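Each chain, written out:
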Amino acid sequence: MTNFVDENEEEASLVLQKNIQQGNSSYFDNSNYFYIAPSIKKYPHQWLWDSCFHMIVNSHLNIKSAKRELETLLKPQEENGFLSHIHYWKSNLNQVDKLFRPYYKFSSKSSLTQTPVLAHALNSIYRKEKDVKFLEKKIKPVRNFYDYLYEHRRDGKDEIPLLNIIHTWESGIDNSPIYDKALEIDVSQENLESQWIKAEIKQLEVLKSCNWNIKEIFKTDFFLYKDLLFNCVFIEGYRILARLYKELNNAEGSKICNKRADELEEILIEKCWDNKRGLFFGNYSKYNRINKVKTSLSLIPLILTNLPQDIASILVFDHLLNEDEFWTEYPVPSVALDEKAFSAKESGLLWRGPTWININWFIINGLQKHGFENIALQLAQKTFELVQKSGFSEYYNPQTGEGMGANNYSWSTLVIDIQKRLLNVNLDFIFDKEWTRIKRLPGF
Ligand code: GLC
């Protein structure tokens, strides 16, 4: 067997290349665009966090492409720093787009945002070439996006002043059961999919009725979620920006970003950690309600730099490695196995059980950060096996490894970054249950 990277680098490059979209857009003053679609058929537009993941992979495979994708992503940025979760550069709208787009303020882009992976993407691009000029040009708009979220998505009067998402799509984990209660989804009914579509539309209606004005939206107290994924990624994004400012000898910029990251991290660890359950949970509404369903999001605070070691150990040993919860044949399932809501099947509802590679990427990152090197390697190996078995699928059955959703899905190429940057080693061994090396895999 040849090395995983050799085998898959070519295929990953091919997927990313095939999914390139470029041209001039009549929606954006005939402006040039260049981006990678998440999937040509299913998701032909530019998506915010997807594009960031593509840049992270392309920082290894095609740095020019990564830089061009960033340029395009930032073009429609609003003056206050806001970035949309979808940019409709092309006019080819599918049924779903036709249904939802009329709710947005502009026909060229959505009025929602998405989990901020932008600083991670800028960092990957910078690390590759150390192009200081590029960094100097891009750090401002990237920082503006984080400042926008910090200033506009927190409610100062809230007891837990973390960032709020205003629609489930903003986290990127669309139909996760953690949102069921906030949206009054009745899981005992058969018609879950139609309930969810109605709920997605209702959210858009409420937002539109507020004219997308964030102060008005806060007043409604309708689906305002202090989402764990969104907040943890945001916090680490500010930390990355702080490090990048240091590279530019900008001590002031670095200090502010670090201070804000520390402030929110402290709140999140204090308010969202459930000591009894040994897991994190997000809150919704100004009354800070909690829906304690176990999803992979409960493990995401592993990416936080200052997470206390005892908490990290509980997350890892009691939950991640628990075979009744998250340690399936092909981890990490988006919902714990022993939850009623868990479903490994392909359906119109996303994030209710299957494994997604971007979440594995975050968790591997967090494991390494807190010294769980061998578990990170084990999870990486299982993630590689998924891709070898089922290709670059949108998501996977966590028990059988079967690929589901779109084929040639762009962000599943993140396995290349896991191997090249996060691990930076050749995986030439596997582990037994006690996490000791037991076997060399030929050529692996
Ligand atoms: C799905 C995912 C979302 C992603 C989009 C485009 O809707 O849930 O996170 O951004 O596809 O790939």
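Structure's up top.
Residues numbered from 1 in each chain as written. Predicted model: local features only at pLDDT ≥ 70, side-chain atom pairs only at ≥ 80, totals over all residues. Heavy atoms only, no water.

1. Description of the overall build of the chain
Which entries qualify depends on this criterion: Working definition: helices are DSSP H or I runs of at least four residues, strands are E runs of at least two. Numbering for both runs from the N terminus. Remark: exposure states derive from per-residue accessible area (1.4 Å probe, protein chains only) relative to the maximum for the residue type, with buried under 20%, exposed over 50%, and partly exposed in between. In this description, contact between two residues means that some pair of their heavy atoms is separated by no more than 4.5 Å.
Along the backbone of the chain there are 14 helices and 12 strands. Projected onto its principal axes, the C-alpha positions of the chain cover 60 × 50 × 45 Å. Going through the 444 residues of the chain one by one, you find that 64% of them count as buried. Considering only intrachain contacts with a sequence separation of at least 6, the fraction spanning at least 24 residues in the chain is 68%.

2. Considering the packing of aromatic side chains
To keep it simple, the criterion reads: The rule is short: rings of Phe, Tyr and Trp, with Trp giving its six-membered ring, pair when the centres are within 6.5 Å, and they are stacked under 30 degrees, edge-to-face over 60, tilted in between. Put simply, a charge is over a ring when the Lys NZ or the Arg CZ is close to the ring centre, within 6 Å, and near the line of the ring normal, within 35 degrees.
Applying the stated criterion across every chain yields a total of 29 aromatic pairs. When the centroid spacing of 5.4 Å and the interplanar angle of 20° are considered together, the rings of Tyr 225 and Tyr 284 count as stacked. Taken together, the residues Tyr 225 in strand S5 (residues 225-226) and Tyr 284 in strand S8 (residues 283-284) connect sequence positions 59 residues apart. The pair formed by Tyr 225 and Tyr 284 is uniform in burial state, with each residue classed as buried. Between the aromatic rings of Tyr 409 and Trp 411, the centroid separation amounts to 5.1 Å while the plane-to-plane angle is 70°, which identifies the pairing as edge-to-face. Across this residue pair, the class does not change: Tyr 409 and Trp 411 are buried. Against the face of Phe 134 rests Lys 67, its NZ or CZ located 4.9 Å from the ring centre. The cationic tip of Arg 101 hangs over the ring face of Tyr 88; the distance from NZ or CZ to the ring centre is 5.5 Å.

3. A few points about the layout of surface pockets
Selection criterion: Whether a set of points on the 1 Å grid over the protein atoms alone is a cavity depends on a 1.4 Å probe fitting there but being unable to get out, while an open set qualifies as a pocket with protein on both sides within 12 Å along at least five of seven lines; lining residues are those with an atom within 4 Å of a point. Grid points are joined across faces, edges and corners, and a volume is the space filled by probe spheres set on the points.
Estimated volume of the largest pocket: approximately 770 Å³. Tyr 43, Trp 47, Val 96, Asp 174 and Leu 350 are, among the 35 residues lining the largest pocket, the residues nearest its centre. Those elements giving two or more residues to the lining of the largest pocket turn out to be helix H2 (48-61), helix H4 (95-100) and helix H7 (192-209). In terms of residue count, the dominant contributor to the lining of the largest pocket is H4 (five residues).

4. As for the pattern of salt bridges
Side-chain pairs of opposite charge can arise whenever the charged atoms involved come near each other. Note the threshold: The salt bridge criterion pairs a side-chain nitrogen of Lys or Arg with a carboxyl oxygen of Asp or Glu, the two atoms within 4 Å.
Under the defined criterion, the tally for this structure stands at 23 salt bridges. The salt bridge partner of Glu 9 is Lys 420, with a shortest N-O separation of 3.2 Å. Of this pair, Glu 9 sits in helix H1 (residues 4-18) while Lys 420 is found in helix H14 (residues 414-423), placing the two residues 411 residues apart along the sequence. Residue classification places Lys 420 among the partly exposed positions, given a relative accessible area of 30%. Here Glu 236 and Arg 239 are joined by a salt bridge, their closest N and O atoms 2.7 Å apart. With Glu 236 and Arg 239 both in helix H9 (residues 228-247) and three residues apart, this pair spans about one turn of that helix. It is possible to trace a salt-bridge network through shared partners that takes in Glu 236, Arg 239, Asp 262, Glu 265 and Lys 369.

5. Digging into helix H12 (residues 357-369)
The condition is simple: One less than the number of residues in a helix, times 1.5 Å, gives the span that helix is expected to have.
Its 13 residues place the ends of H12 18 Å apart at the C-alpha level, agreeing with the 18 Å of an ideal helix rising 1.5 Å per residue. In terms of residue burial, H12 counts as a mostly covered element, since 12 of its 13 residues are buried. All of the buried residues along H12 are Ile 357, Asn 358, Ile 359, Asn 360, Trp 361, Phe 362, Ile 363, Ile 364, Asn 365, Gly 366, Leu 367 and Gln 368. Directly after H12, the chain includes Gly 371, whose backbone phi takes a positive value near 85°.

6. Here's the deal with the pairing of strand S1 (residues 20-25)
Going by this rule: DSSP calls a pair of strands paired once it identifies at least 2 bridges connecting them.
Both S1 and strand S2 (residues 31-36) contribute to a ladder of six bridges, which runs antiparallel. Considered in S2, the bridge of Asn 24 is made with Asn 32. The hairpin turn running from S1 into S2, its antiparallel successor, is five residues long, and Asp 29 in that turn takes a positive phi close to 50°.

7. Some points on the environment of His 54
Looking at where His 54 falls in the secondary structure, it is placed in helix H2. His 54 gets classed as buried once you look at its relative accessible area, which sits at 1%. Distance in space between the C-alpha atoms of His 54 and Tyr 179 is 27 Å, their sequence separation being 125 residues. If we ignore the near neighbours within four places in the chain, the residues touching His 54 are Ile 36, Ala 37, Pro 38, Glu 69, Ser 410 and Trp 411.

8. A short note on the side chain of Thr 413
Rules: Pairing of N or O atoms within 3.5 Å defines a polar contact, subject to two protein rules: one partner must be a possible hydrogen donor and the other a possible acceptor, and residues neighboring in sequence count only if both atoms are side-chain atoms.
For Thr 413, the location among the structural elements is in the loop between strand S10 (403-404) and H14. Note on Thr 413: relative accessible area 0%, which makes it buried. At a separation of 2.6 Å, a polar atom in the side chain of Thr 413 contacts the main-chain carbonyl oxygen of Ser 410. Here Thr 413 is in contact with Ala 12, Val 15, Leu 16, Val 57 and Phe 392, once residues within four sequence places are set aside.

9. Digging into empty space enclosed by the protein
For clarity, the threshold we go by: Under the scheme applied, nonpolar residues are Ala, Val, Leu, Ile, Met, Phe, Trp, Tyr, Cys and Pro; charged residues are Asp, Glu, Lys and Arg; polar residues are all the others, including Gly.
This model, assessed by the stated rule, comprises one cavity of 30 Å³ or more. Put simply, the largest cavity is a space of about 70 Å³. Around the largest cavity sit Ile 178, Tyr 225, Asp 227, Leu 228, Phe 280, Phe 281, Gly 282, Asn 291, Val 293, Thr 295, Leu 297 and Ser 298, which together line it. Grouping the amino acids of the lining of the largest cavity by side-chain chemistry returns seven nonpolar, four polar and one charged.

10. Points about the packing of H12 against helix H13 (residues 373-390)
Selection criterion: Orientation is described by axes fitted as lines to C-alpha atoms, over the contacting stretch for helices, and by angles from 0 to 180 degrees between their N-to-C directions. Oblique is the label for every angle not falling under 35 degrees (roughly parallel), over 145 degrees (roughly antiparallel), or within 65 to 115 degrees (roughly perpendicular). Each crossing is labelled by how the near helix is turned from the far one, with a counterclockwise turn of less than a right angle marking it left-handed and a clockwise turn marking it right-handed.
Here H12 crosses H13 at 160°, and the two axes come no closer than 8 Å. As the angle between them shows, H12 and H13 are arranged roughly antiparallel. The element H12 and its partner H13 pack so that their crossing is left-handed. Here H12 contributes Ile 357, Asn 360, Ile 363, Ile 364, Leu 367 and Gln 368 to the contact with H13, which in turn contributes Glu 373, Ile 375, Ala 376, Leu 379, Ala 380, Thr 383 and Val 387. When grouped by side-chain class, the residues that make up the contact of H12 with H13 number nine nonpolar, three polar and one charged.

So far we have only geometry, and geometry alone does not tell us how the molecule works.
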